[in-house]
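One letter stands for each residue in the lines below.
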Amino acid sequence: MSSSGSNRPHAEVEGGWVLAGTDAAGAPIRLVFGETELAHAYLGLTIGRDPMLNDRVVADAAVSRRHCRLGLADGGLFVEDLNALNGTWVDDEELAPFAPARVAAGQQIRLGRVTLTVSPLGT
């Protein structure tokens, strides 16, 4: 029996992705995306400055109101620039608007002045 008094087995923690870094002022940012949430989001989940328009918010003036989209396709994670004024970058390569690019653990996604490192959830 577990310490909580239940005979139920421990639930497995869902997989997913974390984008972590700092904003231009050095404040920490951590955006978490669960596999189930990503799988059920037909076009992906949006990231931007406006809380009314996005699934995840990055409150930095260099981030567009609706900056980029993160999703799953062909078994992998992708990011897509939504024609953001300051662009979306993967490592040192600027993405063309509306052209999804695959990303993997360890890569960096830059939204304006905000740089976020991709890592699997739970690491």
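That block above? That's the structure.
As the structure is a computational prediction, the values presented were derived from the model and not from experiment.

Peer 1: Just checking my understanding: could you explain the packing of aromatic side chains for this structure?
Peer 2: Each aromatic ring pair is described using two quantities: the centre-to-centre distance and the angle formed by the ring planes. The final tally for this structure, using the stated rule, is zero aromatic pairs. Over the ring of Trp89 we find Arg110, and its NZ or CZ is 4.4 Å from the ring centre.

Peer 1: Explain the pattern of salt bridges here, please?
Peer 2: Close approach of charged atoms allows side chains with opposite charge to pair. Under the definition given, this model contains three salt bridges. Between Glu37 and Arg56 there is a salt bridge, with its nearest N and O atoms 2.5 Å apart. With Glu37 in helix H1 (residues 35-40) and Arg56 in strand E4 (residues 56-57), this residue pair connects regions lying 19 residues apart in the sequence. Judged by its relative accessible area of 34%, Glu37 is partly exposed. Take Arg56: its relative accessible area is 15%, and that puts it in the buried class. The partner of Arg113 in a salt bridge is Asp60, with the nearest N and O atoms 3.1 Å apart. Of this pair, Arg113 sits in the loop between strand E10 (108-111) and strand E11 (114-120) while Asp60 sits in the loop between E4 and strand E5 (68-73); the two residues are 53 residues apart in sequence, bridging distant segments of the chain.

Peer 1: How should I be thinking about the sheet that holds strand E6 (residues 76-81) in this particular structure?
Peer 2: Strand pairing in a sheet relies on backbone hydrogen bonds. The paired strands run either parallel or antiparallel. Strand order in the open sheet formed by five strands is E4-E3-E5-E6-E9, with mixed pairing between adjacent strands. The open sheet has two edge strands, E4 and strand E9 (101-103), and neither has a second partner. Pairing analysis gives six bridges linking E5 to E6, with the strands arranged antiparallel. Within the sheet, the bridge partner assigned to Ala73 lies in E6 and is Gly76.

Peer 1: Before we go on, may I ask you to explain the pairing of strand E2 (residues 28-34) in this structure?
Peer 2: Moving residue by residue along a regular strand, the side chains alternate between the two faces of the sheet. Across seven bridges, strand E1 (residues 16-22) lies against E2 in antiparallel orientation. Of the residues in E2, the one forming a bridge with Trp17 is Phe33. Between E1 and E2, which pair antiparallel in sequence order, lie five residues; one of them, Gly26, sits at a positive phi of approximately 90 degrees.

What counts, and at which threshold
Residues numbered from 1 in each chain as written. Predicted model: local features only at pLDDT ≥ 70, side-chain atom pairs only at ≥ 80, totals over all residues. Heavy atoms only, no water. Phe/Tyr/Trp six-rings, centres within 6.5 Å; stacked < 30°, edge-to-face > 60°. Lys NZ or Arg CZ within 6 Å of the ring centre and 35° of its normal. Salt bridge = Lys/Arg side-chain N within 4 Å of Asp/Glu carboxyl O. Helix = DSSP H or I, 4+ residues; strand = E, 2+ residues; numbered from the N terminus. Buried < 20%, exposed > 50% of the residue type's maximum accessible area, 1.4 Å probe, protein only. Pairing = 2+ DSSP bridges.

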